[in-house]
Amino acid sequence: MTTPVIEVEGLVKNYEDRVAVAGIDFTVSPGEIFGVLGPNGAGKTTTILMLLGLTEPSEGTVRVCGLDPAYDAIGVKRRVGYLPDAVGFYDNLTGRQNMRYTARLNELDPDAVEDRISELLDEVGLAEAADYLVGTYSRGMRQRLGVADILVKDPDVVILDEPTTAIDPEGVVEILALISRLAHRDGRAVLISSHLLNQVQQVCDRVGIFVDGEIVAQGSPEELAASLSEGSSVYEFVVDATEEQVRAAVISGLPDLHEKIGVSAIGAGRWRVVLPESDISGVVKALVEADLSVRQIRDLGSNLDEIYRRYFHEHEGVSA
């Protein structure tokens, strides 16, 4: 079994007026993408800062590549590539020149690293823009340069904080493909902090759901869905009807089950329906017999958005 390169146990971070991280546990292994998912203020960034040795835990243990960041932050820095949500580069230097500067900061041989810089710029799709000033780069280009930049020192662990924020859809696809290659092709451990559920679901092998400093659940999206199901299934119906019409149709069509079926609005003409069993034919029949137009049905059972919504609402008494 692969030894984890990130190990977190009983991790706590207290500030004078609040608890930012409340006793969390998780591991990340080589070749794995672990998603740290939650709203702003949930403790994600504080956790990353403790992994990097930029703030000390109040309690608990952290090991990154076998090192304790609180006592050997420089050793951790040599093994970890960190991409913050706001990437900082010198706008008056080219992409290649910025990467050369990073190589010097990491005490890498300038001559030996030149070929690697070219290879990485090509890998992230910036070969043609490598010698343009970074001040001319788009947000997506800067993010791709950021990925190349943290790979110059060939890290064992990559930590990405909101890597796709404010990037256009095409750029998001490129960044997600890069992230997948970092782990699944190159064998690096990758930790992504994000609040963008759909994107996390596309690339992450496992997810930790953060709510108010706690990890309230973790596992693959499929495992999280199974732990919530308890014999019920969740579907999204797109129906040309009001909430009263949908409820009335379900109650009249399924009189023996209507007390076990939950109906709630999730948008204009969109309804979330929780069923006590996976067979949805009775609901569809009831809606059709009520002369309601069903335009779309979608299974939300393993949809990370639905999984997160359900976990979050189980803890809705907790401030996020």
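The preceding data block contains the structure.
Source: prediction; values computed, not measured.

Basis of the calculations
Residues numbered from 1 in each chain as written. Predicted model: local features only at pLDDT ≥ 70, side-chain atom pairs only at ≥ 80, totals over all residues. Heavy atoms only, no water. Buried < 20%, exposed > 50% of the residue type's maximum accessible area, 1.4 Å probe, protein only. Helix = DSSP H or I, 4+ residues; strand = E, 2+ residues; numbered from the N terminus. Arc of directions from axis to C-beta. Salt bridge = Lys/Arg side-chain N within 4 Å of Asp/Glu carboxyl O. Patch = residues over 30% accessible without salt bridge, like charges linked within 9 Å, V, L, I, M, F, W, Y side chains within 5 Å. Areas by Shrake-Rupley, 256 points an atom, 1.4 Å probe, with all protein chains shown as cover. Axes fitted to C-alpha atoms, helices over the stretch in contact; angles between N-to-C directions. Parallel < 35°, antiparallel > 145°, perpendicular 65-115°, else oblique. Left-handed = near helix turned anticlockwise from the far one by under 90°. Contact = heavy atoms within 4.5 Å. Nonpolar A, V, L, I, M, F, W, Y, C, P; charged D, E, K, R; others polar. 1 Å grid on protein atoms, 1.4 Å probe; cavity = no way out; pocket = protein on both sides within 12 Å on 5 of 7 lines; lining within 4 Å. Points joined across faces, edges and corners; volume = space filled by probe spheres on them.

1. Overview of helix 9 (residues 243-253)
- Every buried residue of helix 9 is listed here: Val-246, Ala-249 and Val-250. Projection of helix 9 onto a plane perpendicular to its axis shows the buried side chains occupying an angular sector of 95 degrees, all on one side. Of the exposed residues in helix 9, the ones pointing more than 90 degrees away from its buried face are Glu-244 and Ser-252.

2. A few points about the pattern of salt bridges
- One pass over the structure, following the stated rule, counts 12 salt bridges.
- With a closest N to O distance of 2.8 Å, Glu-123 and Arg-181 form a salt bridge. Here the residue Glu-123 occupies a position in helix 4 (residues 110-123), and Arg-181 occupies one in helix 6 (residues 169-185), the gap between them amounting to 58 residues.
- Given a relative accessible area of 27%, Glu-123 falls into the partly exposed group.
- Its relative accessible area of 28% is what places Arg-181 among the partly exposed residues.
- Of the charged contacts, one joins Arg-144 and Glu-174 as a salt bridge, the two residues approaching to 3.3 Å between their closest N and O atoms. On the criterion of sequence distance, the pair formed by Arg-144 in helix 5 (residues 139-151) and Glu-174 in helix 6 is long-range, its members being 30 residues apart.
- Accessibility expressed as a relative area gives 30% for Glu-174, which makes it partly exposed.
- One network of salt bridges, with partners in common, ties together Glu-123, Arg-181, Arg-185 and Asp-186.

3. Quick word on a nonpolar patch on the surface
- A surface patch of nonpolar side chains, about 300 Å² in accessible area, is lined by Tyr-90, Tyr-101 and Leu-105.
- Topologically, Tyr-90 is positioned in the loop between strand 5 (80-83) and helix 3 (95-105).
- Given a relative accessible area of 44%, Tyr-90 falls into the partly exposed group.

4. Looking at the packing of helix 3 against helix 4
- Closest axis-to-axis distance for the helix 3/helix 4 pair is 10 Å, and the angle between their directions is 130 degrees. Between helix 3 and helix 4, the angle falls in the class oblique. In terms of crossing hand, the pair formed by helix 3 and helix 4 is right-handed. Where helix 3 abuts helix 4, its residues Arg-96, Met-99, Arg-100 and Ala-103 lie against Val-113, Glu-114, Ile-117, Ser-118, Leu-120 and Leu-121.
- Across the contact of helix 3 with helix 4, the residue classes break down as 6 nonpolar, 1 polar and 3 charged.

5. Brief notes about empty space enclosed by the protein
- Considering all chains together, one arrives at 1 cavity of 30 Å³ or more under this definition.
- Estimates place the volume of the largest cavity at around 60 Å³.
- If you list the elements that add at least two residues to the lining of the largest cavity, you get strand 7 (189-194) and helix 7 (197-203).
- Per element, the largest residue contribution to the lining of the largest cavity is 3 residues, and it comes from helix 7.
- Looking at side-chain class alone, the lining of the largest cavity contains 5 nonpolar, 3 polar and no charged residues.

6. Brief notes about unusual backbone geometry
- Here Asp-154, not a glycine, exhibits a phi torsion of approximately 55 degrees, which is positive.
- Locating Asp-154 in the fold gives a position in the loop between helix 5 and strand 6 (157-161).
- Positive phi, normally seen in glycine, also occurs at Glu-162, with a value near 50 degrees.
- The residue Glu-162 is located in the loop between strand 6 and helix 6 in this model.

Just geometry here; none of it tells us what the structure is for.
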